[in-house]
Amino acid sequence: QVQLLESGGGLVQPGGSLNLSCAAAGTVFAINNMGWYRRAPGKQRELVATITSGGSTNYANAVKGRFTVSRDNAKNSVYLQMNSLTPEDTAVYYCNADVRSLRMLGYRTYWGQGTQVTVSS
C-alpha cells in the first residue's frame, strides 16, 4: 500500500510564507510525476504546480513567481514553497503522485489527505 502524507499547512499573515511537504510512505518502487492542487471554498479543485521525474516544472498563472515546487527522489517527497501569500491562496492543498509500488506493477495515482492553508491578518 501507498500513502501520501502531507504536512506544513497553517495560518499565516498576508505576505508570509509556508513550505508544504508530502512524502510517499509504504512500498514504493518508483514515482513519476508529482504535484500540488488546491480547493478554495466554493471553487473547483485547481492545479497549482507539477514536477516531472526529471525536474521539469509547471505552474498555474496565479502562483507563478511566488511558489516553487521541488522534489527529493531519495526521500520520495515533493515540496511546495509558498511566498508572498495572499488571502486568495487560502485553500485546502492536496499533493498528488503517480506511484509504482512494485517493479512488476504499473503506476497508480495517489492523493494526500489535504492540508489547510489560511492566509489572514
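Look up a bit, the structure's there.
Below or above, wherever it landed, is the structure these notes cover. Everything numeric in this text was worked out from a predicted model, so none of it was measured.

Criteria and cut-off values
- Residues numbered from 1 in each chain as written.
- Predicted model: local features only at pLDDT ≥ 70, side-chain atom pairs only at ≥ 80, totals over all residues.
- Heavy atoms only, no water.
- Helix = DSSP H or I, 4+ residues; strand = E, 2+ residues; numbered from the N terminus.
- Polar contact = N/O pair within 3.5 Å; in protein donor to acceptor, adjacent residues only side chain to side chain.
- Contact = heavy atoms within 4.5 Å.
- Phe/Tyr/Trp six-rings, centres within 6.5 Å; stacked < 30°, edge-to-face > 60°.
- Lys NZ or Arg CZ within 6 Å of the ring centre and 35° of its normal.
- Salt bridge = Lys/Arg side-chain N within 4 Å of Asp/Glu carboxyl O.
- Buried < 20%, exposed > 50% of the residue type's maximum accessible area, 1.4 Å probe, protein only.

1. Focus on the side chain of Arg38
Now for step 1: By secondary structure assignment, the location of Arg38 is in strand β4 (residues 30-39).
Now for step 2: Within the structure, the side chain of Arg38 is placed 2.8 Å from the side chain of Glu46, a separation counted as a polar contact.
Now for step 3: Within the structure, the side chain of Arg38 is placed 3.0 Å from the side chain of Asp89, a separation counted as a polar contact.
Now for step 4: Filtering out sequence-adjacent residues up to four positions away, Arg38 remains in contact with Gln44, Arg45, Glu46, Val48, Ala62, Val63, Phe67, Glu88, Asp89, Ala91, Val92 and Tyr93.

2. Let's talk about the packing of aromatic side chains
Now for step 1: Here the structure, examined in full by the defined rule, presents 1 aromatic pair.
Now for step 2: Over the ring of Tyr94 we find Arg45, and its NZ or CZ is 5.8 Å from the ring centre.
Now for step 3: Between the NZ or CZ atom of Arg45 and the centre of the ring of Trp111, over which it lies, the distance is 3.9 Å.

3. Describing the pattern of salt bridges
Now for step 1: One pass over the full model with this rule turns up 3 salt bridges.
Now for step 2: Arg38 is the partner of Glu46 in a salt bridge, and the nearest nitrogen-oxygen pair spans 2.8 Å.
Now for step 3: Residue class for Glu46 comes out partly exposed when judged on its relative accessible area of 28%.
Now for step 4: Here the salt bridges share partners, and the residues they tie into one network are Arg38, Glu46, Arg66 and Asp89.

So, to be careful, I would describe these as geometric facts and stop short of saying anything about function.
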